[in-house]
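# A closer look at the structure
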Amino acid sequence: MHYIAWAFLGMVGYSLVTLFVKLATRSGQFSSFLVLTISSVIVLASTLSMTLWRGDLRALSVRDFAGPSACWAYAAGVALAVAVIALFRALSLGPATIVVPIYGMFIVGGSVLGMLFLGESLNLLKLLGLVLAVTGVFLIATSSGGH
């Protein structure tokens, strides 16, 4: 599958996560942390199955898990844990119309980090898109009136 299709699939998935977290925590019976635990078990089982099916571990040794790529993977795991814990908690406490746009600013943050640290190009159109994204988030979050 092309990377654009994967990106759209991810967008749809994350959009559904918002809805499902709000529905799961709305009654107060399930905490955001319980919902995240259940979700994480499903993610772990799914990704482990896919990793084994693809054979991604066949060419690796124990030593590979102490190398630079592994360290970046561990850092990604910590960052993802912080991001998802914060998202689930924020969704359980506040309106999706404010939480999701602010959380979605990771798109701007990721783009800027890509340019700063990965040497990805910046042009006028990308800069305009980033400015419009920030403006859009500001308008959506402030027009929600905190409810």
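Residues numbered from 1 in each chain as written. Predicted model: local features only at pLDDT ≥ 70, side-chain atom pairs only at ≥ 80, totals over all residues. Heavy atoms only, no water.

### Some thoughts on the side chain of Ser-32
Operational definition: Helix and strand assignments come from DSSP, with helices taken as H or I runs of at least 4 residues and strands as E runs of at least 2, each series counted from the N terminus. The rule is simple: take the accessible area with a 1.4 Å probe, protein chains only, and divide by the maximum for that residue type; under 20% is buried, over 50% is exposed, in between is partly exposed.
Following the sequence through the fold, Ser-32 ends up in helix α2 (residues 32-54). With relative accessibility at 3%, the residue Ser-32 sits in the buried group.

### Quick look at the pattern of salt bridges
A side chain of one charge can pair with a side chain of the opposite charge when the charged atoms of the two come close. We count it as follows: For salt bridges, the criterion is a side-chain nitrogen of Lys or Arg within 4 Å of an Asp or Glu carboxyl oxygen.
Applying the stated rule across the entire model yields one salt bridge. Residues Asp-56 and Arg-54 are paired through a salt bridge, measuring 3.1 Å at the closest nitrogen-oxygen approach. Accessibility expressed as a relative area gives 33% for Asp-56, which makes it partly exposed. Its relative accessible area of 52% is what places Arg-54 among the exposed residues.

### With respect to helix α5 (residues 106-117)
For the record, the criterion: Multiplying one less than the number of residues by 1.5 Å gives the expected span of a helix. Within this analysis, the arc is defined by the directions that extend from the helix axis to the C-beta atoms. By definition in these notes, contact holds between two residues if any of their heavy atoms fall within 4.5 Å.
When the terminal C-alpha atoms of α5 are compared, their 16 Å separation across 12 residues agrees well with the 16 Å that a helix rising 1.5 Å per residue should span. Every buried residue of α5 is accounted for by Val-108, Gly-114 and Met-115. End-on, the buried residues of α5 take up no more than an arc of 125 degrees, which puts them together on one face. Exposed and oriented more than 90 degrees from the buried face of α5 are Leu-116 and Phe-117. On its buried face, α5 is in contact with α6 (124-143).

### Quick notes on the packing of α2 against helix α3 (residues 68-93)
Heads up, the rule is: Note on geometry: axes are lines fitted to C-alpha atoms, helical ones only across the stretch in contact, with angles between N-to-C directions running from 0 to 180 degrees. Oblique is the label for any angle not under 35 degrees, not over 145, and not in the 65 to 115 range, which are roughly parallel, roughly antiparallel and roughly perpendicular in turn. For any helix crossing, the convention is left-handed if the near helix is rotated counterclockwise from the far helix by under a right angle, and right-handed if that rotation is clockwise. Gly counts as polar in this scheme, as do all residues outside two lists: the nonpolar Ala, Val, Leu, Ile, Met, Phe, Trp, Tyr, Cys and Pro, and the charged Asp, Glu, Lys and Arg.
Their axes nearest at 9 Å, the elements α2 and α3 cross at an angle of 135 degrees. Considered as vectors, α2 and α3 are oriented oblique to each other. The way α2 lies across α3 gives a crossing that is right-handed. Counting all contacts with α2, which are made through Ser-32, Phe-33, Val-35, Leu-36 and Ser-39, the residues of α3 involved are Val-84, Ile-85, Phe-88, Arg-89 and Ser-92. A per-class count over the contact of α2 with α3 returns six nonpolar, three polar and one charged.

### Overview of the packing of aromatic side chains
The cut-off we apply is this: Ring pairs shown here join Phe, Tyr and Trp side chains whose ring centres sit within 6.5 Å, with only the six-membered ring taken for Trp; geometry is labelled stacked below 30 degrees between planes, edge-to-face above 60, and tilted in between.
In total, this model carries two aromatic pairs according to the counting rule given. Ring centres of Tyr-14 and Tyr-103 lie 6.3 Å apart, and the angle between their planes is 50 degrees; this geometry places the pair in the tilted category. Taken together, the residues span a long stretch of sequence, with Tyr-14 in helix α1 (residues 3-25) and Tyr-103 in helix α4 (residues 96-103) at a distance of 89 residues. An aromatic cluster is defined as three or more aromatic residues linked by ring pairs; in this entry it consists of Tyr-14, Tyr-103 and Phe-106.

### Side note on the environment of Gly-94
Assignment of secondary structure puts Gly-94 in the loop between α3 and α4. Between the alpha carbons of Gly-94 and Ser-143 there is a distance of 14 Å; along the sequence they are 49 residues apart. Contact partners of Gly-94, with chain neighbours within four places excluded, come to Lys-22 and Val-99.

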